[in-house]
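# Structural description and commentary
Listed below are the residues making up each chain.
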Amino acid sequence: MNAEPADQIRLLDVQALDVRLSQLAHKRKSLPEHAELDSLNKDLSQQRDLLVAAQTEESDTQREQTKAEQDVDQVRQRAVRDQQRLDSGAVSSPKDLENLQRELTSLAKRQGDLEDVVLEVMERRESAQERVAELTERVSALQAKTDDATGRRDAATAEIDDETAKVSKDRELVVASIPADLIALYEKIRVKQAGIGAAKLYQRRCLGCQIELDIAEVNEVKAAAANQVVRHENCGRILVRTADSGI
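What this report covers is the structure whose coordinates are included nearby. What you see is a predicted model, and the numbers here were worked out from it, not measured in a lab.

## Looking at the overall build of the protein
If you tally the helices and strands in the protein, you get five helices and five strands. In sequence order, the protein lays out its α and β elements as α-α-α-α-β-β-β-α-β-β. Since a compact globule built from 247 residues should have a radius of gyration of about 18 Å, the 42 Å found for the protein marks it as more spread out than a globular shape. Each principal axis of the C-alpha atoms in the protein carries an extent, and together these give about 135 × 30 × 25 Å. Considering the protein as a whole, with its 247 residues, one finds that 32% of them fall into the buried category. Total accessible area on the protein is roughly 15,100 Å²; 50% of this is exposed by carbon and sulfur atoms. Taking the average location of the 37 positive side-chain charges in the protein and that of its 47 negative ones, the two points are 5 Å from each other.

Okay, here's the thing in structure tokens:
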């Protein structure tokens with residue numbers, strides 16, 4: 001393939017812009033905020049799960065407490081009615097009086113047992129409420145850190161994207177000034193050679209693979225016409241000749 005020396009030299013400009021685009025893409029992908037957010041989101045998810053579990057426990061104990069208090073109230077009301085019957089003198093039969101007094105004693109014990117249950121449930125509910133408060137604070141703190149890291153990541157990403165857009169525009173302008181067949185060859189090689197399709201020949205060394213040309217290769221390059229597109233035998237990249245190629 002033949003191409004004007006100036007067009008070949010402009011390939012180095014395209015290559016430099018492609019290297020910069022690759023650097024920007026790597027920088028965007030490897031922002032420290034990504035790893036920070038992964039860790040924060042993992043912690044946040046775990047703490048939220050714990051919070052939901054604590055809230056569920058608090059809700060369950062609230063219902064349990066309400067039920068236990070209702071049971072106490074029912075026993076208390078029944079005991080009040082029985083006491084009122086006893087005090088009214090309406091019950092005259094000794095046997096009925098004995099049964100009524102026995103029931104009052106049983107109700108008093110039942111009420112005491114139920115009140116103990118209420119106290120036990122209240123303690124568990126208080127513990128659950130404290131757990132909810134603690135976990136709510138943890139979640140809030142983690143959310144604040146996550147929001148901060150997200151803001152920093154978005155700002156850094158926006159800055160990188162702005163530069164990427166500018167470099168891409170510059171690349172389009174340079175590419176438009178180079179023959180399409182030369183760009184096509186460059187792109188084909190670049191895909192195969194780790195993003196480097198054209199390399200400067202500097203002091204008889206290919207700056208793409210950093211290998212110095214042997215005497216036979218040097219003579220071949222010397223013999224090539226100025227407009228001939230030369231490729232390095234070792235790496236296959238386009239060798240761009242300049243004033244400091246040492247040829």
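From this point, the narrative continues.
## What about the pairing of strand β5 (residues 238–241)?
Judged by which residues are buried, β5 turns out to be covered on both faces: I238 and V240 on one side and L239 and R241 on the other are all buried. Examined bridge by bridge, strand β1 (residues 198–202) and β5 share four bridges and lie parallel to one another. Its bridge partner being in β5, K200 is matched across the sheet by V240. Where strand β4 (residues 230–231) lies against β5, two bridges are found, and the strand directions are antiparallel.

## Quick word on the packing of helix α1 (residues 5–29) against helix α4 (residues 180–192)
At a minimum axis distance of 11 Å, the contact between α1 and α4 shows a crossing angle of 40°. Taken as axis vectors, α1 and α4 run oblique relative to one another. Like other packed secondary-structure pairs, α1 and α4 cross with a definite hand, here right-handed. For the pair α1 and α4, the contacting residues are D7, Q8, L11, V14, Q15 and D18 in the first and L182, I183, Y186 and R190 in the second. Residues of the contact of α1 with α4, tallied by class, amount to five nonpolar, two polar and three charged.

## A closer look at the pattern of salt bridges
Inspection of the entire model under this criterion finds 26 salt bridges. Among the ionic pairs, R124 bridges to E64, the shortest N-O distance being 2.6 Å. Taken as a pair, R124 in helix α3 (residues 94–176) and E64 in helix α2 (residues 32–88) lie far apart in primary sequence, 60 residues in all. A salt bridge links E120 to R124, with the shortest nitrogen-to-oxygen separation between them at 2.5 Å. Taken together, the positions of E120 and R124, both in helix α3 and four residues apart, correspond to about one turn of that helix. What you see here is one network of salt bridges that share partners, running through D18, R171, E187 and R190.

Conventions adopted
Residues numbered from 1 in each chain as written. Predicted model: local features only at pLDDT ≥ 70, side-chain atom pairs only at ≥ 80, totals over all residues. Heavy atoms only, no water. Helix = DSSP H or I, 4+ residues; strand = E, 2+ residues; numbered from the N terminus. Rg over C-alpha atoms; globule rule 2.2 N^0.38 Å. Buried < 20%, exposed > 50% of the residue type's maximum accessible area, 1.4 Å probe, protein only. Areas by Shrake-Rupley, 256 points an atom, 1.4 Å probe, with all protein chains shown as cover. Lys, Arg positive; Asp, Glu negative; His and termini not counted. Charge placed at Lys NZ, Arg CZ, Asp CG, Glu CD. Pairing = 2+ DSSP bridges. Axes fitted to C-alpha atoms, helices over the stretch in contact; angles between N-to-C directions. Parallel < 35°, antiparallel > 145°, perpendicular 65-115°, else oblique. Left-handed = near helix turned anticlockwise from the far one by under 90°. Contact = heavy atoms within 4.5 Å. Nonpolar A, V, L, I, M, F, W, Y, C, P; charged D, E, K, R; others polar. Salt bridge = Lys/Arg side-chain N within 4 Å of Asp/Glu carboxyl O.

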